[in-house]
Amino acid sequence: HKNLHLLSPQQVELAKMLVEKGQSHLFEHWPEPGVDDGEKKAFFDQVARLNSSYPGGLASYIKIARELLADSKAGKNPFDGFTPSVPTGENLSHGDENFIKFEEAGVKEAQNAAFVLVAGGLGERLGYNGIKVALPYETITGTCFLQNYIESVLALQEASYRMTQGGQKKEIPFVIMTSDDTHARTVELLESHSYFGMRPTQVKLLKQEKVACLEDNDARLALDPHNKFRVQTKPHGHGDVHSLLYSSGLLYEWRDAGLRWVLFFQDTNGLLFKAIPASIGVSVTKGYHVNSLAVPRKAKEAIGGITKLTHTDGRSMVINVEYNQLDPLLRATGFPDGDVNCETGYSPFPGNINQLILELDSYIEELKKTGGGIKEFVNPKYKDASKTSFKSSTRLECMMQDYPKTLPPSARVGFTVMDAWLAYAPVKNNPEDAAKVPKGNPYHSATSGEMAVYRANSLILRKAGVKVDNPVNEVFNGQEVEVWPRIVWKPTWGLTFADIRSKVSGSCSITQRSTLAIKGQNIFVKDLSLDGALVIDSIDEAEVKVGGSVQNKGWILEKVDYKDTSVPEEIRIRGFRFKQIEQLEKHCSEPGKFELKA
Ligand code: UPG
């Protein structure tokens, strides 16, 4: 009470609310007025931020926390009354007629979409010191994830416009959700690279706030162990993206501009945009309100399982069951072996890659009801079986894929399964943990993430008629991976399978030891036989025909150990680097037609 005069009237109200909600321990240690007054004000500035950034404010946070903590203490099963079963979705097979049809529909519709990248996570499992979107997704050109994402969105925008000629040229909005852990470095990455070619106004950053930590089952907020004038905070999870989009007003802006879809995606998946056109096509064609992308999942793989949950009262929903919950849920509901592979060699539950496509109108209607709040969970680590105290403070968390949990039964919720080689290769695990992944399961490491790009590009070119040699198996950082010819191209060169097919013709071949980088849009490969390294770059106004026989010493893959700190971190975590011995390099920087015949 003695310190109240330091606070604004709103802050006085907040202080009263905290006392009423059993939080007086937050100020019990406060000294007399005149001592640490600046810190006391800063404390309330922080509390005001925590209050305003949470839908329903801190009072609601504390109330929900008490309920969830009580459920957790009582050992209540979050799936009580629900029986899991395998849902049916749309299965796409790359390159077939159906796939090509969906890709075409998707590209046409892409100009009515907005893209949202959630990139507030630090990636503790990877242990990389920088932000994950700054990591190269491949090291032939060194293109980072963010650059690949932005260039892909721009390529999609152009392709979409070309398909609907006569229409108005639209910019596809691109949003990045950051957090205090990633915000400044994301801005710096964008600014130092001129936004990778996107107009700065096309990119919007929304920063998520952390939430208050809880020190006990009564949901008493925890003070920061390093500063008794601050509440300790931790990340709330990627589910924040919904409330941030809602409160930013962007959703209404997009609706008024005629947009129809919002696509959500994550920080490190170098294959993602190979799956995007077709999956937008599925959403449009099927009229899905929610479409989640999935891939076949290996049992115990650290990706959630898309599951149909049917309640005893008749309700049912198709939802992600997170990887740590799937096994206990199955065991508790008549599947005594839990999360295991079936006769196909995969879990019967498709794996959620957390790429969601939401239909904008129904999304806005739902968020109007919830304010963007997503069903949360709490995961306290208890000191002992009495469950009365925690080893360390906990907090509420939420996940973006839990959005459908509050939807009415009439909502059209579907999912699209694609081959993992085409759609999913995240970089999440550090080399040490990746090497311990059960044999046959994906590593989800920097090594496997980059090798997956080469495999996908090789397989796609094979389908387009190029004779691409088989891979060899090699071990990098303790992980055995398939090493295919190292092939990359810019998104403008080959966004869809139809694009790629139109750019390769005749009799082409690529040997296993080869490296190929295609860095321009209008590069046509005809009768090329490549055995070595070839790098072709061209401006959009140039049309380049490439063919003949290219043979040189090429680029070799040199092994590096992840512990070798003389090598930059982003390289050593993948366990290899390119040594450029000899290559054929061509750069067409003038408009016009060129023919490169080796
Ligand atoms: N992220 C945030 N804010 C946070 C936490 C994470 O923006 O507070 C971002 C993060 O940057 C990344 C994404 O969210 O882009 C996912 O985070 P990550 O740690 O990679 O997620 P996982 O725990 O591996 O799992 C998610 C889904 C799971 C899905 C899997 C697929 O929860 O259901 O199978 O991603 O990659």
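Scoring rules and cut-offs
- Residues numbered from 1 in each chain as written.
- Predicted model: local features only at pLDDT ≥ 70, side-chain atom pairs only at ≥ 80, totals over all residues.
- Heavy atoms only, no water.
- Patch = residues over 30% accessible without salt bridge, like charges linked within 9 Å, V, L, I, M, F, W, Y side chains within 5 Å.
- Areas by Shrake-Rupley, 256 points an atom, 1.4 Å probe, with all protein chains shown as cover.
- Salt bridge = Lys/Arg side-chain N within 4 Å of Asp/Glu carboxyl O.
- Lys, Arg positive; Asp, Glu negative; His and termini not counted.
- Charge placed at Lys NZ, Arg CZ, Asp CG, Glu CD.
- Helix = DSSP H or I, 4+ residues; strand = E, 2+ residues; numbered from the N terminus.
- Buried < 20%, exposed > 50% of the residue type's maximum accessible area, 1.4 Å probe, protein only.
- Near = heavy atom within 4 Å.
- Polar contact = N/O pair within 3.5 Å; in protein donor to acceptor, adjacent residues only side chain to side chain.
- Pairing = 2+ DSSP bridges.
- Axes fitted to C-alpha atoms, helices over the stretch in contact; angles between N-to-C directions.
- 1 Å grid on protein atoms, 1.4 Å probe; cavity = no way out; pocket = protein on both sides within 12 Å on 5 of 7 lines; lining within 4 Å.
- Points joined across faces, edges and corners; volume = space filled by probe spheres on them.
- Nonpolar A, V, L, I, M, F, W, Y, C, P; charged D, E, K, R; others polar.
- Contact = heavy atoms within 4.5 Å.
- Core = buried A, V, L, I, M, F, W, Y, C linked by side-chain atoms within 4.5 Å.
- Parallel < 35°, antiparallel > 145°, perpendicular 65-115°, else oblique.
- pLDDT = per-residue confidence, 0-100.

On the surface, a cluster of positive charge is contributed by Lys526, Lys545, Lys593 and Lys597. Topologically, Lys597 is positioned in strand E31 (residues 592-597). Accessibility expressed as a relative area gives 61% for Lys597, which makes it exposed.

A few words now on the site of the ligand. What surrounds the ligand is a group of 24 residues, the closest being Arg125, Gln208, Glu322, Asn352 and Tyr424. In the environment of the ligand, an oxygen atom lies 2.6 Å from a nitrogen or oxygen atom belonging to the side chain of Glu322. With respect to the ligand, the side chain of Lys428 contributes an N or O atom lying 2.7 Å from an oxygen atom. Computed on the free molecule, the ligand has an accessible area of 700 Å², of which 89% lies beneath the protein chains in the complex.

Our focus in this paragraph is the sheet that holds strand E21 (residues 486-489). Pairing is parallel across the open sheet formed by four strands, whose spatial order is E21-E24-E26-E30. Looking along the sheet, the strands with just one partner apiece sit at the ends: E21 and strand E30 (584-588). Strand-to-strand twist across the sheet, computed as the mean angle between neighbouring axes with direction ignored, equals 5°. Where E21 and strand E24 (residues 515-518) come together, four bridges link them in parallel fashion. Paired with Arg486 across the two strands is Thr515, which belongs to E24.

Further remarks concern the pattern of salt bridges. This structure, assessed with the given rule, holds 30 salt bridges. Notably, a salt bridge pairs Lys207 with Glu209, separated by 3.3 Å at the nearest N-O pair. A salt bridge links Arg315 to Asp313, with the nearest nitrogen and oxygen atoms 3.0 Å apart. Bridged by salt links that share partners, the residues Asp180, Lys207 and Glu209 form one connected network.

Let us now look at empty space enclosed by the protein. What the rule picks out here adds up to five cavities of 30 Å³ or more. Its volume calculated, the largest cavity comes out at about 240 Å³. In this structure, the largest cavity is lined by 23 residues; those nearest its centre are Phe273, Lys274, Trp489, Gly494 and Leu495. When contributions to the lining of the largest cavity are tallied by element, the ones reaching two or more residues are helix H4 (97-109), helix H5 (145-163), helix H9 (272-286), helix H14 (446-463) and helix H15 (497-503).

To continue, consider unusual backbone geometry. If you check the backbone angles, Lys300 has positive phi at about 70° while not being a glycine. On the secondary structure map, Lys300 appears in the loop between strand E11 (290-297) and strand E12 (305-311). One non-glycine residue, Asp527, adopts positive backbone phi at about 50°. If you trace the backbone, Asp527 turns up in strand E25 (residues 523-531). According to the relative accessible area criterion, Asp527 is partly exposed, its value standing at 36%.

Turning our attention to the layout of surface pockets. Its volume calculated, the second largest pocket comes out at about 760 Å³. Together, 26 residues line the second largest pocket, and Gly440, Asn441, Pro442, Tyr443 and Arg455 are the ones closest to its centre. The set of elements that each furnish at least two residues to the lining of the second largest pocket consists of E11, helix H12 (420-423), H14 and strand E20 (479-483). When residues in the lining of the second largest pocket are grouped by element, the largest group, four residues, is from H14. In terms of residue class, the lining of the second largest pocket is made up of 14 nonpolar, five polar and seven charged.

Okay, the side chain of Glu322 next. Position of Glu322 among the secondary structure elements: in the loop between strand E13 (316-321) and helix H10 (323-332). Although Glu322 lies buried, it forms no salt bridge, and the closest oppositely charged side chain, Arg125, sits 7.4 Å away as judged by the N-O distance. Those residues in contact with Glu322 that sit more than four places away from it in its chain are Gly304, Met399 and Gln401.

Attention shifts here to the nonpolar core. The biggest cluster of nonpolar side chains holds 111 residues, and the ones touching the most others in it are Phe115, Leu117, Leu146, Phe174, Met418, Leu461 and Trp493. The residues touching Trp493, leaving out its near neighbours within four places in the chain, are Leu461, Asp499, Ile500, Lys503, Val504, Ile518, Gly520, Gln521, Ile523 and Val525. The next biggest cluster of nonpolar side chains, apart from the first, holds 31 residues, and it includes Val12, Phe43, Tyr54 and Leu214.

Along the chain, Lys274 falls in helix H9. As a buried residue without a salt bridge, Lys274 has its nearest oppositely charged side chain in Glu103, at a separation of 9.3 Å. Looking at Lys274, its side chain comes within polar contact range of the side chain of Asn457, at 2.7 Å. When residues no more than four places from it in sequence are discounted, the contact partners of Lys274 are Phe99, Glu103, Leu422, Ala456, Asn457, Ile460 and Trp489.

So, on to the packing of helix H7 (residues 240-248) against helix H11 (residues 360-370). To characterise two packed helices, one gives the angle between the axes of the helices and the distance between these axes. Contact geometry of H7 with H11 gives a least axis separation of 11 Å together with a crossing angle of 95°. Between H7 and H11, the angle falls in the class roughly perpendicular. Counting all contacts with H7, which are made through His242, Leu245 and Tyr246, the residues of H11 involved are Tyr363, Leu367 and Lys368.

Turning to the pairing of E24, a few remarks are in order. Neither face of E24 is open: one carries Thr515 and Ala517, the other Leu516 and Ile518, and all of them are buried. Bridge analysis of E24 against strand E26 (residues 533-538) gives four bridges, and the strand direction is parallel. Bridge pairing in E26 places Leu516 opposite Leu534.

Scored by pLDDT, the chain has a mean of 96; 100% of the residues are at 70 or more. At the level of chain-chain contacts, confidence expressed as ipTM amounts to 0.99, with global pTM at 0.96.

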